[in-house]
Amino acid sequence: MRRVFTNTPLLLLSCFGASWVLADSLAAPVNVSIRDLKGSSAVLTWDTPDGETVIGFAITQQKKDVRMLRFIQEVNTTTQSCALWDLEADTDYIVHVQSISISGLSPLSEPLRFKTPKEAETQASKSKDEVTMEEVGPNAQLRAGELIIIVVVLIMWAGVIALFCRQYDIIKDNEPNNNKDKAKNSSECSTPEHPSGGLLRSKV
């Protein structure tokens, strides 16, 4: 279950945080860092010391030199990352992380300061990615066209070879029949005295 309080005055936040008892035995999160930083969002990650049993986390997000902040709290989870959203471009932020256990809250982690990139830098990064995709697109289409041509040529060659083999089989099958017809015609035209053929004449 996650609770988010945005633009909460620091004084009220302190009062709200007092409802949790600080657990002396629970160590603060370590290795707090930011990844996937963009103009309006980022991902906050951290590590929990070994042996610590946590059931959630609490994050305070504050703009530099501004006493208004956001408080994010989530329980019934062992995740060690959280997405930060609705950030302002070219803005400095300070975040703290606390672990939550059954006995209460851990101390605050060391403050992490980061700055979101300018909107122009974000747009330039997007444009670069779009250009890369546009460059890859024609090459992929060209390769696909070449493959289609090769497949069509192979199919045509296969058809020609199949037709040739069929014609060859037909010619080969007709050869014995032609030889039989020739032998039959030769036997009909020949006689015992004139094997080469002709009429039989009687002697006077």
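Below or above, wherever it landed, is the structure these notes cover. Values in this document were obtained by computation on a predicted structure and should not be read as measured data.

### A word on the pattern of salt bridges
- Counted under the stated rule, the structure contains four salt bridges.
- Among the ionic pairs, D86 bridges to R70, the shortest N-O distance being 4.0 Å. Separated by 16 residues along the polypeptide, D86 in the loop between β6 (81-84) and β7 (92-101) and R70 in strand β5 (residues 68-75) bring together distant segments of the chain.

### Here's the deal with the packing of aromatic side chains
- According to the stated counting rule, one finds two aromatic pairs in the structure shown.
- Residues Y93 and F114 carry aromatic rings whose centres are separated by 5.6 Å and whose planes lie at 20 degrees to one another, so their mutual orientation is stacked. Taken together, the residues Y93 in strand β7 and F114 in strand β9 (residues 112-115) connect sequence positions 21 residues apart.
- Residue classification places Y93 among the buried positions, given a relative accessible area of 2%.
- Across from the ring centre of W85, 4.7 Å away, lies the NZ or CZ of R70, which sits over that ring.

### Here we look at empty space enclosed by the protein
- In this structure the tally under the stated criterion is one cavity of 30 Å³ or more.
- Residue lining of the largest cavity: W46, T48, V54, G56, F57, T77, T78, T79, Q80 and S99, and that is the complete set.
- For the lining of the largest cavity, the class distribution of residues is three nonpolar, seven polar and no charged.

Calculation criteria
Residues numbered from 1 in each chain as written. Predicted model: local features only at pLDDT ≥ 70, side-chain atom pairs only at ≥ 80, totals over all residues. Heavy atoms only, no water. Salt bridge = Lys/Arg side-chain N within 4 Å of Asp/Glu carboxyl O. Helix = DSSP H or I, 4+ residues; strand = E, 2+ residues; numbered from the N terminus. Phe/Tyr/Trp six-rings, centres within 6.5 Å; stacked < 30°, edge-to-face > 60°. Buried < 20%, exposed > 50% of the residue type's maximum accessible area, 1.4 Å probe, protein only. Lys NZ or Arg CZ within 6 Å of the ring centre and 35° of its normal. 1 Å grid on protein atoms, 1.4 Å probe; cavity = no way out; pocket = protein on both sides within 12 Å on 5 of 7 lines; lining within 4 Å. Points joined across faces, edges and corners; volume = space filled by probe spheres on them. Nonpolar A, V, L, I, M, F, W, Y, C, P; charged D, E, K, R; others polar.

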